[in-house]
Amino acid sequence: MIDRAYDVVIIGSGAGGGTVALGLAPLAEQGRRVLVLEQGPRLADEEFTGEELEMAEALYADSGGFLTADGTMTLAFGRVYGGSTAVYTGTSLIAEPRVVESWGVPGLSHTDLAERSRRFAEQNNVHLLEPVEINENNTLFAAGCEQAGFEAQQFPVNVKGCRGSSLCNLGCPNAAKQGTDRVQLPAAERRGVEVVSRAEATRIEEKLVVVRVSAAPAGGKGSPSEWEPGEYRVRAGAVVVAGGAVGSPALLLRSGFGKRLPRLGEGFTCHPAFILVGEHSREITNDVGHPKSYYVDRAVEEGYVLETCMYFPFVTAKSLVGFGATNESFLRAFPRLQMILVLACDRATAGNRVAVDSRGQPVVHYRFTDEVVRALAAGTRASARIFFGAGAARVHVPLASPPELRAPEAGEIDERIRPEHFVAGTVPVSAAHLMGGCGMGSSAADSVTDSWGRVHEHPWLRVADSSLFPDSLQINPYLTIMALADRVAEAIREDAIR
Amino acid sequence: MIPPGRRAFRSLAVTIVPGAARLDAEGWQDVEARIEAALRTRPPRLRRGLRLLVLALEWSPLLRHRRRFSRLDDARRTQILDRVQRSPNLLLRRGFWGLRTLVLLGYYGRSEVRRSVGYRADPDGWAALMGDFPTGPEDGIEGGS
Ligand SMILES: Cc1cc2nc3c(=O)[nH]c(=O)nc-3n(C[C@H](O)[C@H](O)[C@H](O)COP(=O)(O)OP(=O)(O)OC[C@H]3O[C@@H](n4cnc5c(N)ncnc54)[C@H](O)[C@@H]3O)c2cc1C
Ligand code: SF4
């Protein structure tokens with residue numbers, strides 16, 4: 001074991017960890033030692049090729065195929081310098097007041113989160129794309145919404161020099177997407193914060209982090225770690241856990257914190273989602289241009305949100321229910337495909353939680369509630385109307401049997417698309433907005449941390465990531481995560497003055 | 001996973017993606033190598049489970065149809081896999097899900113197949129398609145805190 005000592009150790013470099021790193025840069029400039037440990041690798045610009053399988057393997061946990069305990073849902077999250085911000089799409093929304101207020105976390109106000117979110121939106125160059133930059137996969141969604149009577153809103157996105165490669169979820173090959181890997185982490189490093197990649201925090205003890213640094217695998221992407229491979233004991237005045245909604249609860253659970261924190265791992269939510277495809281009779285611009293420009297928010301009325309999206313051949317094939325010639329015919333129509341993502345706004349539910357197995361590895365237990373299935377069905381019906389409204393000739397609908405509707409059958413949408421057709425383990429559900437597990441609240445009886453991310457009864461330990469959400473956010477979460485992490489950095493800076 | 005049940009595996013793969021029937025020997029090798037590579041990082045228990053599933057599916061029609069899966073016609077094969085994917089047994093549905101995912105990964109992971117379906121995404125985006133690209137406002141504050 002090699003011993004090291006720092007003033008602050010941040011575990012994870014994603015939306016939360018990257019934000020804390022930059023927030024603590026003033027301390028680093030004053031000579032305090034601030035360290036970020038990142039389990040994943042650090043890639044050079046030219047290693048972002050946009051190739052589906054090789055990028056998924058390099059950037060995602062389990063190559064993007066992490067499954068829930070019963071194998072019925074895939075969870076996508078990054079394991080790389082920048083965390084999931086290296087693979088997110090960069091749609092940038094500010095939390096709704098009704099959601100933050102419904103959490104009822106003492107000391108947390110919507111006004112404060114919104115103000116901080118706006119600051120990060122500016123830092124990340126968030127803006128609306130010009131009409132000329134928006135492709136037909138997106139404009140057809142807007143046109144279909146108008147036909148079908150839905151209100152489409154434009155997503156602000158955080159790009160700078162976007163060339164419209166549509167490859168955001170495979171890591172931007174043009175360094176255009178403004179994630180923590182491009183903005184906060186490099187700025188923090190320039191100001192003296194140290195970032196060590198391929199460094200997994202395996203355990204946390206009182207003011208101490210046990211770390212395993214791995215060698216770069218032969219032929220894999222990414223540079224070797226900044227530290228020699230081996231086991232380290234890193235002493236720290238303060239520890240900030242920012243490993244994401246799966247990584248953070250798992251690390252704290254395997255370190256034994258569950259004994260005094262009964263809510264640790266509980267309250268996991270993730271906006272379970274389907275990818276739907278509709279085929280047009282002509283080629284459209286879909287796999288060129290930024291993939292995500294519009295959404296429809298029906299969270300309050302029907303519990304779902306619709307977003308435009310564009311995926312790659314393997315992910316698209318995997319997202320169709322069933323198998324065989326009909327599915328293949330959709331893939332063969334790739335240049336004519338329009339895609340919509342249906343997300344259910346799930347709520348924290350008893351039993352949906354992060355746990356660890358006998359080796360300390362994360363296991364996510366998740367059951368689809370009736371509300372979630374109803375929301376997915378309602379979102380699927382709405383999407384079918386939007387596809388046909390936009391002129392699609394046929395639509396693949398996972399909640400119909402058989403799972404295909406043709407334009408002349410558009411009048412049968414309500415009868416054909418039914419929640420009863422949802423069979424867990426057959427219908428492809430995936431999620432990328434992972435939340436909860438270290439929820440904020442007032443005491444250990446109802447939560448894991450206070451509103452400043454301080455873990456109850458452990459003043460030296462804080463959490464600063466998506467695991468802080470006491471319940472789902474019902475919109476794309478990264479700006480809110482940054483806002484929460486910014487509060488954590490502020491609290492640590494204040495502690496340092498005292 | 002593949003060698004002992006290669007014929008069984010390929011007949012399953014062709015039922016899942018009929019286009020796989022057009023693969024030549026090199027194409028199959030490529031598909032199978034991708035699947036093996038994806039399985040390399042997975043727990044051995046998963047690899048064993050998948051191998052068992054392939055063999056079980058191969059032999060399952062013997063009683064009813066007096067033939068192995070790989071000797072059946074397309075319609076019968078499709079019927080059998082459809083029953084498996086709708087099975088009341090979650091373990092079986094999961095197993096089929098895993099197998100289906102691997103076949104799709106092996107097949108659609110091939111650059112030839114991606115090209116043949118007309119997938120055009122390119123790091124150069126608009127410029128690759130049209131020789132030019134539109135730009136938006138670029139005045140961000142990089143790295144400010
Ligand atoms: C494909 C995809 C698209 C998305 N699109 C959007 C979008 O458009 N808009 C939006 O708002 N949100 C989007 N999201 C969600 C958003 O990216 C995440 O919610 C956000 O990044 C989560 O931040 P985080 O800090 O909690 O975790 P992450 O960003 O996931 O970072 C956690 C990091 O911690 C590291 N880590 C974990 N455990 C350890 C350990 N023990 N030791 C060391 N390091 C560890 C991980 O390797 C990882 O790098 C998307 C997500 C995905 C996957
Ligand atoms: S669409 Fe723009 S932001 Fe997304 S990967 Fe391509 S260049 Fe990067």
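Refer to the structure printed above.
Residues numbered from 1 in each chain as written. Chains lettered and ligands numbered in written order. Predicted model: local features only at pLDDT ≥ 70, side-chain atom pairs only at ≥ 80, totals over all residues. Heavy atoms only, no water.

Draft legend 1. Structural context of the interface of chain B and chain A. Each partner contributes to the interface: chain B provides 52 residues, whereas chain A provides 66 residues. Around 4900 Å² of area is buried between chain B and chain A when both sides are counted, 55% of it from carbon and sulfur atoms. The three residues of chain B that bury the most area against chain A are Trp97, Arg120 and Trp126 of chain B, which together make up 14% of that side's buried surface. Scanning the region where chain B abuts chain A turns up four salt bridges. The salt bridge involving Arg114 of chain B is made with Glu51 of chain A; its shortest N-O contact spans 2.5 Å. For the interface between chain B and chain A, the tally reads 18 residue pairs in polar contact (both at pLDDT 80 or more). When residues of the side of chain B that touches chain A are traced back to their parent elements, those giving at least two are helix H1 (6–16), helix H5 (74–85), helix H6 (90–108), helix H7 (111–116) and helix H8 (126–130) of chain B. Partitioned by chemical class, the residues of the side of chain B that touches chain A number 22 nonpolar, 15 polar and 15 charged. (Contact = heavy atoms within 4.5 Å. Buried area = accessible area lost by both parts, 1.4 Å probe. Salt bridge = Lys/Arg side-chain N within 4 Å of Asp/Glu carboxyl O. Polar contact = N/O pair within 3.5 Å; in protein donor to acceptor, adjacent residues only side chain to side chain. Helix = DSSP H or I, 4+ residues; strand = E, 2+ residues; numbered from the N terminus. Nonpolar A, V, L, I, M, F, W, Y, C, P; charged D, E, K, R; others polar.)

Draft legend 2. Highlighting the layout of surface pockets. Considered as a void within the structure, the second largest pocket measures approximately 490 Å³ in volume. Elements with a contribution of two residues or more to the lining of the second largest pocket: helix H11 (325–332) of chain A together with H1 and H5 of chain B. In the lining of the second largest pocket, the residues fall into 12 nonpolar, 11 polar and five charged. (1 Å grid on protein atoms, 1.4 Å probe; cavity = no way out; pocket = protein on both sides within 12 Å on 5 of 7 lines; lining within 4 Å. Points joined across faces, edges and corners; volume = space filled by probe spheres on them.)

Draft legend 3. Expanded view of the packing of helix H3 (residues 44–59) of chain B against H6 of chain B. Residues and elements named next belong to chain B. One can describe the packing of H3 onto H6 by two numbers: an axis separation of 10 Å at closest approach and a directional angle of 100°. The angle between H3 and H6 falls in the class roughly perpendicular. Mapping the contact onto sequence places Leu50, Leu53, Val54 and Leu57 in H3 and Leu92, Gly95, Phe96, Gly98, Leu99 and Leu102 in H6. (Axes fitted to C-alpha atoms, helices over the stretch in contact; angles between N-to-C directions. Parallel < 35°, antiparallel > 145°, perpendicular 65-115°, else oblique.)

Draft legend 4. Representation of unusual backbone geometry within the structure. All names here are of chain A. Pro402 follows Ser401 through a cis peptide bond whose omega is -5°. By the secondary structure assignment, Pro402 is in the loop between strand E16 (394–396) and strand E17 (404–406). The backbone phi angle of Ser166 is positive, close to 65°, even though this residue is not glycine. According to the relative accessible area criterion, Ser166 is buried, its value standing at 4%. Although it is not a glycine, Arg198 adopts a positive phi angle of roughly 55°. Structurally, Arg198 can be placed in the loop between strand E6 (194–196) and strand E7 (199–205). (Buried < 20%, exposed > 50% of the residue type's maximum accessible area, 1.4 Å probe, protein only.)

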